[in-house]
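Fold and contact review
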Amino acid sequence: MQAGSDHKQNGAGPQQQRKPRQRGCRRELFCPAHPEQKLVGNGKKYFLHLLTAEQLKQRGMPDGKARLVINAFPVLVLSNEWLEDLFCAACGASHWCHVVRLDAVQHSVRWAPRELWMQVAHVDPLVANPSVGQYTAQQARRLTRKRSDGKGWFG
């Protein structure tokens, strides 16, 4: 190196420079009733289980392949379809939605029909959890109870 040189040698050539970290795009779920409103998930998610070849045929799989898959796997868990509890700020409530992953970012969202809950293993949202005691269930409903004049007891 020359004494009057302003060039500093740091050991990192152009091919060794660090690239900025790129974060993946976040999934975008929009409310079926309000297409401009994004939905927010709270983590409750149940994947769909298929038990018959007819259910696979409804999703576009040929008849022979559907029967072959069901014979190989008696219960097929779909990784691209699930039921998820999503909150819509425009509706002001959370709803159970049927989500279908189209690609890494794009998803199809619709309200979950009752018959889809039959394809989820061991879950029925209309039936109370039998492991919850009577006192605990009463305390959970405590905030929704009203007085005779229509006002809430608490809060």
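Check the entry above for the structure.
Residues numbered from 1 in each chain as written. Predicted model: local features only at pLDDT ≥ 70, side-chain atom pairs only at ≥ 80, totals over all residues. Heavy atoms only, no water.

Right, let's get into the overall build of the protein. Helix and strand counts for the protein come out as three helices and four strands. Counting from the amino terminus, helix and strand elements in the protein follow one another as β-α-α-β-β-β-α. A buried classification covers 21% of the 155 residues belonging to the protein. The long-range fraction of contacts in the protein, counting pairs at least 24 apart against all pairs at least 6 apart in sequence, stands at 47%. (Helix = DSSP H or I, 4+ residues; strand = E, 2+ residues; numbered from the N terminus. Buried < 20%, exposed > 50% of the residue type's maximum accessible area, 1.4 Å probe, protein only. Contact = heavy atoms within 4.5 Å.)

This part is about the nonpolar core. Counting 14 residues, the largest nonpolar core has Leu48, Leu56, Leu76 and Leu83 as the members making the most contacts within it. Secondary-structure elements contributing two or more residues to this core are strand S1 (39–50), helix H1 (53–58), helix H2 (63–72) and strand S2 (76–88). The contacts of Leu83, once residues within four sequence positions are left out, are Lys44, Lys45, Tyr46, Leu48, Trp96, Cys97, His98, Ala112, Leu116, Trp117 and Val120. In terms of nonpolar packing, the next biggest core, distinct from the first, is built from nine residues, Leu39, Trp82, Cys88 and Val109 among them. (Core = buried A, V, L, I, M, F, W, Y, C linked by side-chain atoms within 4.5 Å.)

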